[in-house]
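Coordinate analysis (summary)
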Amino acid sequence: MSDGYDPPAVGDVWSYPYLWARQARDGEIEGRKARPCALILLLRQDDGRTLMVLLAITSQRPREDEMAVEVPQIERRRAGLDADRPLWVIVDERNEDVLPGSWDFEPGGRIGQFSAAFTGQIRQAKMEAIRTRRSRRVPRRE
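Computed from a predicted structure; not experimentally measured.

This structure, assessed with the given rule, holds twelve salt bridges. Across the pair Asp47 and Arg49 runs a salt bridge, and its minimum N-O distance is 3.3 Å. The exposed category is assigned to Asp47, whose relative accessible area is 52%. Note that Glu96 is salt-bridged to Arg137, the shortest N-O span being 2.7 Å. Pair noted here: Glu96 is in strand E6 (residues 93–99) and Arg137 is in strand E8 (residues 136–139), with a separation of 41 residues, a long-range link. A relative accessible area of 42% places Arg137 in the partly exposed class. One continuous salt-bridge network, built from bridges that share partners, spans Arg63, Asp65 and Glu66.

Before going further, it helps to examine the nonpolar core. Formed by 19 residues in total, the largest nonpolar core has its most connected members in Ile57, Leu81, Val89, Val91, Phe114 and Ile122. Elements supplying a minimum of two residues to this core: strand E2 (35–44), strand E3 (50–58) and helix H3 (116–131). It is H3 that contributes the most residues to this core, four residues altogether. Not counting chain neighbours up to four residues away, the residues in contact with Ile122 comprise Ile40, Leu55, Val69, Val89, Val91 and Phe114. Membership of the second largest hydrophobic core comes to twelve residues, among which are Trp14, Tyr18, Trp20 and Leu39.

This part takes up the packing of aromatic side chains. Within the structure shown, the criterion is met by four aromatic pairs. Taking 6.4 Å as the distance between ring centres and 50° as the angle between the ring planes, the aromatic pair formed by Tyr16 and Phe105 counts as tilted. Here Tyr16 is found in strand E1 (residues 12–16), whereas its partner Phe105 is found in the loop between E6 and strand E7 (110–113), with 89 residues between them in sequence. Where Phe114 meets Phe118, the ring centres are 5.0 Å apart and the plane angle is 80°; that geometry is what we call edge-to-face. Accessibility expressed as a relative area gives 4% for Phe114, which makes it buried. The class of Phe118 is buried, set by a relative accessible area of 3%. The structure contains a cluster of three or more aromatic residues connected by ring pairs, namely Trp14, Tyr16 and Phe105.

Here the focus is the pairing of E1. Counting buried positions over the five residues of E1 gives four, a clear majority of the element. Pairing of E1 with E7, which is carried by three bridges, proceeds in the antiparallel orientation. Counterpart to Val13 in the pairing with E7 is Gly112. Here E1 runs beside E2; their pairing, made up of four bridges, is antiparallel. By the bridge assignment for E2, Tyr16 is matched with Arg35.

Quick notes on the rules
Residues numbered from 1 in each chain as written. Predicted model: local features only at pLDDT ≥ 70, side-chain atom pairs only at ≥ 80, totals over all residues. Heavy atoms only, no water. Salt bridge = Lys/Arg side-chain N within 4 Å of Asp/Glu carboxyl O. Buried < 20%, exposed > 50% of the residue type's maximum accessible area, 1.4 Å probe, protein only. Helix = DSSP H or I, 4+ residues; strand = E, 2+ residues; numbered from the N terminus. Core = buried A, V, L, I, M, F, W, Y, C linked by side-chain atoms within 4.5 Å. Contact = heavy atoms within 4.5 Å. Phe/Tyr/Trp six-rings, centres within 6.5 Å; stacked < 30°, edge-to-face > 60°. Pairing = 2+ DSSP bridges.

Here it is, written out as structure tokens:
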């Protein structure tokens with residue numbers, strides 16, 4: 001990408017208007033607010049576009065029935081997030097978006113990046129959610 005910004009990379013944390021699965025189920029089509037999201041997968045598609053998988057980061061303690069990974073303080077700091085506030089990456093749902101052509105992804109919205117080790121931990125938890133059929137997909141493309 002040559003728009004004068006670094007292209008998204010796995011492990012990045014972006015400000016993104018995440019659409020929760022419950023909101024999509026209720027008929028909403030746009031996220032209510034931009035929030036930090038972890039970019040855990042980039043997949044080149046046959047049409048030349050890139051599929052992005054984004055997971056919400058929240059300060060709300062997960063419910064017992066939710067799957068989440070707590071973000072350690074060092075990772076919060078590394079990613080440019082509030083280091084003094086507990087945060088979780090929700091792994092039992094995801095937003096999928098594509099580049100180029102996303103209506104929601106802002107090129108200047110990169111906040112920071114998680115370490116490769118912590119990104120791997122998030123991906124393992126996400127795979128467990130998929131394996132146990134507890135993962136909800138929210139496509140954000142046309």
